[in-house]
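So the chains spell out like this:
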Amino acid sequence: MTVRLRITLLIVLAFLALCSVGGFALYQSADGARQVKRVTEGVVPSAIHSVELMGQLKDVQMAALGMVTASDKDAAQKLHEQLVERKAVLQKALEKQLQEADSDAQRGLVKEASMSLENYFAAIDDTARFKLAGQQEAAEAFMAATVDQYLREQGQMIEAIQVEKRRSKDEAIGSLNAQLEHTTTTLLAVAAVAILGLAAAGTMLYRQIVRPIREMELKMTEIATSQDFSHRVPVARMDEIGRSLTAFNAMVAKIEESSELVRRKTADIQAMLHTIPQGILTLQAGRTIHPEYSDHLTRILEEDHIAGRALDALLFDRSDLSADARAQTLAAIDACIGEDELNFSFNAHLLPQELQVRFDGDRVKVVELGWSPITAADGTVERLLLSLRDVTELRALARDAQARKEELDMVGELLAVDPDKFQAFADSADHLLRDIRALLDTAAARPDARADAIAAMFRHMHTIKGNARTYGLLRIADAAHVAEQRYANLRDDPSAWDDAALQSEHGAVAAALAAYVRVNTETLGRGAAPAAGEAEAVRIPRARIDALRMRLAALSGDAGCTPDHRAALERVAEALANADAPGLADVIGGVAASLPALAHDLGKEAPDVAVHEDTPVAVRPEAAEALRNAFVHLLRNALDHGIEPAADRTARGKAPAGRIRIATALRASGLEIRLADDGRGLNLDRIRDKARAQGLLAEGAALSPAETAQLIFAPGFSTAGQVTDVSGRGVGMDAVRAFVESLGGDIALVLAEGSPPSATPFETVLRVPARWAVAVAA
């Protein structure tokens, strides 16, 4: 018999026992209820009613006496009528007693009482007739003789009925008690038989189920204690318990195999921890280090005793972590260990990935960190696995490689620039940076002067960025762009002045410029000795040149100087004055050479630039630098704003590539330069709308076309739809005017007559005092 059948049999037996006991109990309970109902609703009430008969009989007798002793006939008549009603009540009571009688004796007594009642009331009626007839004495005599006799007879009958009723009641109650005792005895006997049967079945199941399971439990305890998985539980029967024991033995065999595999894996892990060239550790609650860690960890941290120590003191206290970052790291570690794995995902970004750790002798190691959660079956993070790798040499090699790459990039950029042009750019940028530094110092000391200083710094930095992009010097351009962006923000909100940040960004631009100069001089050697076959360039300070000119002027004014000698000295003085003056065409042409690269960035065709000189002109170095910076903005604006994309030009019947014409003329009043392009021209309506939107022009103000055109020179004015690296910041033409006015000159736009306001051709005219230019002899 299988265990399942045994358990089923036990359940069936238990069910049958419960049904038997319960059924018998229900039957006895129902029978007892009927007996109780008979006693409580029949016998006992009937006995009570029999007692009430005596009281009713006494009431009749009192009424009869009252009738006999009544003072008048009417009162006697009323009392007689009441006696008739009481007779009916007594008759009904006796009829009910007859119905409730449960024995022949009771029924016989009730019938005799009914007959006696008739005689009793007949005697009362005779007494009433004597009374109503006025025979008082006869009534009293009949009452005493006849009525009292029937009263005593009736009372005896009722007492006999009461005795019988009490006897019947006592017998019913005794029978009920006897039945309850019998029921209780029978239920106890049936329950005892059921308990014995269940105990026998339970004992059988204990021997066949619990005992084998107990043996398996003891064997499991023995295996767990000794870790000897060679033990097996004997199997006596192949029922469910036997098959469970067989499965248990098979499980122990698998555990034995797995434990052997774990032992080998553990040995492999131990070997790995001893040999792997990487620091491996696990963090427990409280950020303490688990005793199992790799040997290489001691070499990285230069500590022999690591187990049980806090990671804070071993690593973070000696690292470059700031106090805030350290607090965040410790909080993140504590928030992960013992919590759901999801917490690690939320806090992993707060765990440092690389640290600089200080050791004795001010040695610094760069340690790379890798964090991973070790989770339990329920997804809770038990520990954190931390791997450490000493990447000091790798980072040094990477920095060296990056420096070499940056230097190679700068070499490539510098090789694309003519050495003289780069030198001119470097000198100009250095001069502008010195001006910016002076403006920074002034604005820091005088907050009331910051608005003008910011505008000037913005123009200077925009010029440096534009020149750097013109020559493809990207690091300078990028650093200048960052500084320019800050100046743009300050132009909108001067209260955001941050002297430390401004100095830092200025230093970044200066450092980038210095790096290019160093590569140009040291790596390329273009700032050192001239190449073979070239004449060595000699740079004489302007102060010395002016001193020589004054000396020559003094000699030519000497009284002994002949006219020929005086003419020769004047020619020498003039040559000295123009010794370092570059040609104007070279100044403009150097900037124009950068336009093809800019056109490529803007998605346009490279423009055709033509420079026409009425007379070859050289300009002094100070003027050359200002004009070069001015033309950087002029030419870039012409290409960006004026000349259309090739498709638009073709649709308008123009050549795909734009044309820019520059004409120079040296007059007695000074140097005049005219610039024009064949682009879309000025949109005077748009300029007027933009000026109103930017608060440069009052609503309703009326300006002529020429006056409207001059608005483009206002600081911050721009018609560009968006800010780009080329335009849109409203500084181009403002910077041009500043450069020209720094030379004492002026700039203006000359509009073509009869052109539509939306596309008005124009010419930009620059005028510079004559002292900055000199005609070059053919």
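What counts as what
Residues numbered from 1 in each chain as written. Predicted model: local features only at pLDDT ≥ 70, side-chain atom pairs only at ≥ 80, totals over all residues. Heavy atoms only, no water. Helix = DSSP H or I, 4+ residues; strand = E, 2+ residues; numbered from the N terminus. Buried < 20%, exposed > 50% of the residue type's maximum accessible area, 1.4 Å probe, protein only. Axes fitted to C-alpha atoms, helices over the stretch in contact; angles between N-to-C directions. Parallel < 35°, antiparallel > 145°, perpendicular 65-115°, else oblique. Contact = heavy atoms within 4.5 Å. Nonpolar A, V, L, I, M, F, W, Y, C, P; charged D, E, K, R; others polar. Patch = residues over 30% accessible without salt bridge, like charges linked within 9 Å, V, L, I, M, F, W, Y side chains within 5 Å. Areas by Shrake-Rupley, 256 points an atom, 1.4 Å probe, with all protein chains shown as cover. Salt bridge = Lys/Arg side-chain N within 4 Å of Asp/Glu carboxyl O. Lys, Arg positive; Asp, Glu negative; His and termini not counted. Charge placed at Lys NZ, Arg CZ, Asp CG, Glu CD. Pairing = 2+ DSSP bridges. pLDDT = per-residue confidence, 0-100.

A.B. asks: Outline unusual backbone geometry, listing residues and values.
C.D. replies: Despite not being glycine, R287 shows a phi value in the positive range, around 60°. Inspection of the secondary structure puts R287 in the loop between strand 1 (279–283) and helix 6 (296–301). By relative accessible area, R287 is classed as buried at 16%.

A.B. asks: Tell me what's going on with the packing of helix 12 (residues 450–470) against helix 19 (residues 621–642), and back it up with residues and numbers.
C.D. replies: When two helices pack together, their arrangement is captured by the angle between the axes and the distance separating the axes. Relative to each other, helix 12 and helix 19 sit at 70°, their axes nearing to 10 Å. In this view, helix 12 runs roughly perpendicular relative to helix 19, as classed from their interaxial angle. Judged by residue contacts, H462, T463, G466, N467, R469 and T470 of helix 12 engage N629, V632, H633 and R636 from helix 19. Across the contact of helix 12 with helix 19, the residue classes tally to one nonpolar, seven polar and two charged.

A.B. asks: Pulling in residues and values, what's your account of a negative patch on the surface?
C.D. replies: Residues E339, D340, E341, D378 and E382 make up a contiguous surface patch of negative charge. Examined against the element boundaries, E339 turns out to sit in the loop between helix 8 (323–336) and helix 9 (341–347).

A.B. asks: Residues and numbers for a nonpolar patch on the surface, please.
C.D. replies: Side chains of L9, V12, L13, F15, L16 and M204 sit close together on the surface and give an oily, nonpolar patch of about 500 Å² of accessible area. Take the nonpolar patch: its biggest share by element is five residues, from helix 1 (residues 3–68). Assignment of secondary structure puts L9 in helix 1. Relative accessible area serves as the criterion here: at 37%, L9 is assigned to the partly exposed category.

A.B. asks: I'd love a proper account of the pairing of strand 4 (residues 381–390), names of residues and values included.
C.D. replies: As judged from the five bridges shared by strand 1 and strand 4, these two strands associate in the antiparallel manner. Across the sheet, residue L281 finds its bridge partner in strand 4, namely L386.

A.B. asks: Which residues make up the side chain of N249, and what values do they have?
C.D. replies: Within the element layout of this structure, N249 appears in helix 5 (residues 240–275). Ignoring sequence-local partners within four residues, the contact set of N249 consists of R232, V233 and V235.

A.B. asks: Would you mind going over the confidence of the model for the chain in detail, with residue names and values included?
C.D. replies: The share of residues in the chain with pLDDT of 70 or more is 88%, and the mean pLDDT across the chain is 81. The low-confidence segment residues 528–538, where pLDDT is below 50, has two contacts with residues more than four positions distant or belonging to other chains.

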